[in-house]
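Structure at a glance
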Amino acid sequence: MRASRALPAVFALAVAADLGCLAAGLHSGHVVAKVLLMPLLAAWAARAGGPRLLVAALLCGWGGDVLLLSDADPAFMAGMACFAAGHVCYLVLFHRHGPPRARAGVLAVCYAAALVTLVVLLWPDLPAGLRVPVAGYSTLLTAMAYTALTRLRPVAGLGGALFMLSDTLIATGVADWPQLPRPDFWIMLTYAAGQFLLVRGTLDARPAPAAAYREVRQTTP
């Protein structure tokens, strides 16, 4: 129990260390801190009794994090594949939380419009070999974020939206669009916050244990 409570704090410290290194231009410190983030979240999810698919999604993210430390094109493609596998894990997990909530249709139109707009704008500036993979990955990511919002609580929806923002910043960098100062800082900030909120939202959305339910029924007049 104590470990499951301490792990989010340790994760926050690792995020702060990573962002501090990025702000200061300390690449080696960033490498060390970055590779710790998803294992810490996965350990928290596991110790808190989270679903295996949640842990799997985080470990896929860790694989993507490690691969994207390299600037080589094959590593970028492999990293994107790891993150895509993580989104599939999230999608399957979120679909287990029942039917979509109210206004899901309106939200679907909004998310689809955002996806199409982004892909159309990025398409001419992306390297030819990345256009189709980025479009496919963006579709999967958008579906994950939409499902998080419509089937879990708003916390998870915000996590999915921040994940989308993080990957959009990466995509605009690949397309050689103008970037914010220290773009890696903003990418990691939105990514770490997004993954944390997805974990928090998933854990919060778990049904109450059957034993607790029985106790409530027994004490109800």
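Throughout what follows, the structure given in this document is the object of discussion. On a predicted model such as this, the values are computed, not experimentally measured, just so you know.

Points about the packing of aromatic side chains
Going through the model one piece at a time under the given rule, you end up with eight aromatic pairs. Ring geometry for Phe 185 versus Trp 186: centroids 5.0 Å apart, planes at 80 degrees, classification edge-to-face. Members of the aromatic cluster, joined through ring pairs, are Phe 11, Trp 44 and Phe 196.

Description of the packing of helix α4 (residues 73–95) against helix α6 (residues 128–151)
Running from N to C, α4 and α6 cross one another at 25 degrees; their axes reach a closest spacing of 9 Å. Put simply, α4 runs roughly parallel to α6. When you trace α4 past α6, the crossing you get is left-handed. Judged by residue contacts, Phe 76, Met 77, Met 80, Phe 83, Ala 84, His 87, Val 88, Tyr 90, Leu 91, Phe 94 and His 95 of α4 engage Leu 130, Pro 133, Val 134, Tyr 137, Leu 140, Leu 141, Ala 143, Met 144, Thr 147, Ala 148 and Arg 151 from α6. Split into classes, the residues belonging to the contact of α4 with α6 amount to 18 nonpolar, three polar and one charged.

Parameters and conventions
Counting restarts for each chain: residues are numbered from 1 in the order of the written sequence. Note on the predicted model: pLDDT of at least 70 is required for a residue's local features to be given, and 80 or more for side-chain atom pairs to be given and counted; whole-chain, interface and lining totals, by contrast, use all residues. Water and hydrogen atoms play no part in the side-chain values, which are based on all heavy atoms of the structure. Only the six-membered ring of Trp is used, alongside the rings of Phe and Tyr, when aromatic pairs are assigned; centres must lie within 6.5 Å, and planes under 30 degrees apart are stacked while those over 60 apart are edge-to-face, with the rest tilted. Angles here are taken between N-to-C directions and fall from 0 to 180 degrees, while the axes themselves are lines fitted to C-alpha atoms, restricted in helices to the stretch in contact. The numbering of helices and of strands both runs from the N terminus, where a helix is a DSSP run of H or I of at least 4 residues and a strand a run of E of at least 2. Convention used here: angles under 35 degrees read as roughly parallel, angles over 145 as roughly antiparallel, angles from 65 to 115 as roughly perpendicular, and any remaining angle as oblique. Helix crossings get a hand from a simple test, with the near helix turned counterclockwise from the far one by less than a right angle marking a left-handed crossing and a clockwise turn marking a right-handed one. What makes two residues a contact is simply this: any of their non-hydrogen atoms within 4.5 Å. Amino acid classes used here: Ala, Val, Leu, Ile, Met, Phe, Trp, Tyr, Cys and Pro are nonpolar; Asp, Glu, Lys and Arg are charged; the rest, including Gly, are polar.

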